[in-house]
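One-letter residues, chain by chain:
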Amino acid sequence: QVQLVESGGGLVQAGGSLRLSCAASGRTFSSYGMGWFRQAPEKEREFVAAISGGGGTTKYADSVKGRFTISRDNAKNTVYLQMNSLKPEETAVYYCAADRVVVPSIHGENYDYWGQGTQVTVAS
């Protein structure tokens, strides 16, 4: 069982930056692919970014490429999402998720564990 706790959300002006963190429990964190997803009100959940267990492979949604960076520190059991140049339409609850397959997936249904989410609000 893996427990995930996100933090770092908040209110930011358009064009600003935030760094989200996701702390994981357990001793085998490096064996999990990790992903970030987001869900805006009345919209479906969408993939944002993912990273392999060792951190050598990353994937991004086209909409965030060049602005968001996913990274992980396996010694701290933590995955991060650095978000720059934020846009109002990116207001959403951001979730981190863990996949028992080390290669990261862009599909939420492949993930086994989910955090409770952290709210990101981008003001225009």
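Further up the page is the structure itself.
One structure accompanies this document, and this report is about it.

The rules we used
Residues numbered from 1 in each chain as written. Predicted model: local features only at pLDDT ≥ 70, side-chain atom pairs only at ≥ 80, totals over all residues. Heavy atoms only, no water. Disulfide = S-S within 2.5 Å. Helix = DSSP H or I, 4+ residues; strand = E, 2+ residues; numbered from the N terminus. Buried < 20%, exposed > 50% of the residue type's maximum accessible area, 1.4 Å probe, protein only. Lys, Arg positive; Asp, Glu negative; His and termini not counted. Salt bridge = Lys/Arg side-chain N within 4 Å of Asp/Glu carboxyl O. Polar contact = N/O pair within 3.5 Å; in protein donor to acceptor, adjacent residues only side chain to side chain. Contact = heavy atoms within 4.5 Å.

This brings us to the state of the cysteines. Any covalent bond linking the sulfur atoms of two cysteines counts as a disulfide. Per the stated rule, a full pass over the model turns up one disulfide. With a sulfur-sulfur separation of 1.9 Å, Cys-22 is cross-linked through a disulfide to Cys-96. For the disulfide bridge between Cys-22 and Cys-96, the dihedral angle about the S-S bond is near 40°, and by the sign convention the bridge is right-handed. Within this pair, whereas Cys-22 is found in strand S3 (residues 18-24), its partner Cys-96 is found in strand S9 (residues 92-99), the two being separated by 74 residues in sequence. As far as burial versus exposure is concerned, Cys-22 and Cys-96 are alike and both buried.

Moving on, we get to the side chain of Arg-72. You can see Arg-72 is positioned in strand S7 (residues 68-73). Despite being buried, Arg-72 has no salt bridge partner; Asp-73 is the closest side chain of opposite charge, sitting 8.3 Å away. Side-chain polar atoms of Arg-72 contact the backbone oxygen of Phe-29, separated by 2.9 Å. In contact with Arg-72, other than residues within four places in its own chain, are Phe-29, Ser-30, Tyr-32, Gly-33, Met-34, Ile-51, Ser-52, Gly-53, Gly-55, Thr-78, Val-79 and Tyr-80.

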